[in-house]
Amino acid sequence: MLNLDKNKKYLLACSYGPDSMYLLELLRKEGYKFAVAHVNYHFRKESDEEEKALREYCYKYNIGLYVYSNDQAIVSNLEEEAREIRYKFFKTVYDRNGFDVLLVAHHKDDNLETYLLQKQRKNLPLFYGINPETVINEMVVIRPLLDIYKEDIIKYNKDNNIPYSIDVTNLENVFLRNRIRNQLLKYSNHYQKEKIASEIIKENERLDIIKCKLNEHDINSIKFLLTLTNEELAYGLTMLIRKVLPDYECSSRFISEIKKVCQSKKSNVLIPLKDDYFLCKEYDVLSIRKLETFEPIKVDSPTLIDNDLFYFDLEKRGEDKGLKYPLTIRPYVKGDTYKIKDYEVQVNRLFIDWKMPMYLRKLWPLFEYDGKIIYIPRYQSDFELKNDKYFYVKCRFALKK
């Protein structure tokens, strides 16, 4: 029996496998409000027959069915790309039809496999095994079968004449998960499986203690991070990075590199992550930034500039800054200089003296007239955004939220 809220509307991610069909049958028999979402990847010759059988089953019981027929060629990571395809489809159906929860039919054997896979790969998961409830692509995802073994599911299906199909590719040892499933769990008895399940519970209890400690402090603070053990530091960095990059994996080598950066006397350090995101050391703080810049803006006369990156009211304050037109507002480039009274200084030196964070240096606008920089707005770390401010860089405040 399922323990789900009957006031909610469910979308079932459904293959034609025994676990999906078992969950589908329970939802139907117990009177839940739900529909089915199925992805046909066309990877196997049986795929079309399975889709047809699922359509007939849903038609027989008047169950709503959404099918995506994949025609995309997958040339690299089959498992990862297939997952991306199906969750993109689920998200579309979920949003357009007002579903409250996405149900996935992972069972207890899947949970054990995931845990053993995490251990073999030496991952740093924020949860060992499969989380019963999580959020993916802003969808609430619940897995209600994690306490049921696959053999019990298959027995129930056979006893109750529930149709299903076995994916024969799961019997092949192509992927590491399949090798764990077929070589280890297949030959484990019930006692051995329960021993692994108990181990998962203990590991998550231990992990909860670490996460609780980290959540009680500011994990952006380098001073705090340097008080942690290597394992705690690894989880602290994982939690910090995954706020922005949910699937990022921190290797032991990466953790060692960050620890050295934290201990160094360098005030500003950038460490590339992926997709133009960087882990930034900015004095006593670690943060995740996407380093951006902007195309030069030509301005022929005093005007209000309000774009995605900054706000500048030249009509209000341009004249008292000695601005001349036509001028160009552009980002910093290496070698830029600026004359202050009778002294010419390196712009980058000014940024350092102002203790400007690295992520702002390519966003900070320089005002150029006739090939010379004639004005640079002063950076202030304690700047407060108020209604009477005529200039501010927008991402500076957005990233603080």
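Structure shown above.
Please read all numbers here as calculations on a predicted model, not as lab measurements.

Undergrad: What should I look at first to understand the side chain of His-38 in this one?
TA: The topology assignment puts His-38 in strand E2 (residues 33-40). Within the local environment of His-38, its side chain forms a polar contact with the backbone oxygen of Cys-14, the two atoms lying 2.8 Å apart.

Undergrad: How should I be thinking about the sheet that holds strand E8 (residues 277-282) in this particular structure?
TA: Two modes of strand pairing occur in sheets, parallel and antiparallel, and in both the strands are linked by backbone hydrogen bonds. Taking strand neighbours across the sheet as the criterion, the 3 strands line up as E7-E8-E9 in an open arrangement whose pairing is antiparallel. Both edges of this open sheet fall to strand E7 (268-272) and strand E9 (285-290), since each of them pairs with a single strand only. For this sheet, the mean inter-axis angle between neighbouring strands, taken without regard to orientation, is 25°. Bridge analysis of E8 against E9 gives 6 bridges, and the strand direction is antiparallel. Bridge pairing in E9 places Cys-280 opposite Ser-287. On top of the sheet, helix H10 (residues 252-263) reaches E7, E8 and E9; it is set at about 170° to E7, its chief contact.

Undergrad: I would appreciate a short explanation of the nonpolar core in the present structure.
TA: In a soluble, globular protein the nonpolar side chains are often hidden away together inside. Grouped together as the largest cluster of nonpolar side chains are 38 residues, with contacts concentrated most on Leu-214, Ile-241, Phe-254, Ile-258, Leu-273, Leu-279 and Leu-286. Of all elements in the fold, only helix H4 (108-121), helix H7 (190-215), helix H8 (222-225), helix H9 (230-242), H10, E7 and E9 reach the threshold of two or more residues within this core. In terms of residue count, H9 provides more of this core than any other element does, 7 residues in total. Leu-309, Leu-327, Tyr-338 and Trp-364 belong to the second-largest nonpolar core, a separate cluster that totals 30 residues.

Undergrad: What am I meant to see in a negative patch on the surface here?
TA: Taken together, the side chains of Glu-79, Glu-80, Glu-84 and Asp-247 present a region of like negative charge at the surface. Its place among the elements puts Asp-247 in the loop between H9 and H10.

Undergrad: Is there a simple way to explain helix H5 (residues 150-159) in this structure?
TA: Given 3.6 residues per helical turn, the α-helix brings residues three or four places apart onto the same face. The complete set of buried residues in H5 reads Ile-153, Ile-154 and Asn-157. Down the axis of H5, the buried side of the element spans an arc of 95°, and every buried residue falls inside it. Of the residues in H5, the exposed ones pointing more than 90 degrees away from the buried face are Glu-151 and Lys-155. Where H5 is buried, its residues contact helix H1 (18-29). Immediately downstream of H5, the backbone of Asn-161 shows phi near 55°, a positive value.

Undergrad: Help me out: how do you make sense of the environment of Ile-219 in this one?
TA: Secondary-structure assignment places Ile-219 in the loop between H7 and H8. Overall, the relative accessible area of 5% leaves Ile-219 in the buried class. Sequence separation of Ile-219 and Met-239 is 20 residues, and the distance between their C-alpha atoms is 8.4 Å. Not counting chain neighbours up to four residues away, the residues in contact with Ile-219 comprise Leu-214, Phe-224, Leu-225, Gly-236, Met-239, Leu-240 and Lys-243.

Undergrad: I would appreciate a short explanation of the packing of aromatic side chains in the present structure.
TA: Given two aromatic rings, their pairing is described by the distance between the two centres and the angle made by the two planes. Counted under the stated rule, the structure contains 19 aromatic pairs. Aromatic side chains Tyr-87 and Phe-90 sit 5.5 Å apart centroid to centroid with 80° between the ring planes, which places their arrangement in the edge-to-face category. Placement of the pair is Tyr-87 and Phe-90 together in helix H3 (residues 78-96), with a separation of 3 residues, close to one helical turn. Exposure remark for Tyr-87: the relative accessible area of 6% places this residue in the buried category. Ring geometry for Tyr-332 against Phe-351: centres 5.8 Å apart, planes inclined by 70°, an arrangement best described as edge-to-face. Of this pair, Tyr-332 sits in the loop between strand E13 (327-330) and strand E14 (337-340) while Phe-351 is found in helix H12 (residues 347-353), placing the two residues 19 residues apart along the sequence. For Phe-351, a relative accessible area of 0% gives the class buried.

Here is what the cut-offs are and how they apply
Residues numbered from 1 in each chain as written. Predicted model: local features only at pLDDT ≥ 70, side-chain atom pairs only at ≥ 80, totals over all residues. Heavy atoms only, no water. Helix = DSSP H or I, 4+ residues; strand = E, 2+ residues; numbered from the N terminus. Polar contact = N/O pair within 3.5 Å; in protein donor to acceptor, adjacent residues only side chain to side chain. Pairing = 2+ DSSP bridges. Axes fitted to C-alpha atoms, helices over the stretch in contact; angles between N-to-C directions. Contact = heavy atoms within 4.5 Å. Core = buried A, V, L, I, M, F, W, Y, C linked by side-chain atoms within 4.5 Å. Buried < 20%, exposed > 50% of the residue type's maximum accessible area, 1.4 Å probe, protein only. Patch = residues over 30% accessible without salt bridge, like charges linked within 9 Å, V, L, I, M, F, W, Y side chains within 5 Å. Areas by Shrake-Rupley, 256 points an atom, 1.4 Å probe, with all protein chains shown as cover. Salt bridge = Lys/Arg side-chain N within 4 Å of Asp/Glu carboxyl O. Lys, Arg positive; Asp, Glu negative; His and termini not counted. Charge placed at Lys NZ, Arg CZ, Asp CG, Glu CD. Arc of directions from axis to C-beta. Phe/Tyr/Trp six-rings, centres within 6.5 Å; stacked < 30°, edge-to-face > 60°.

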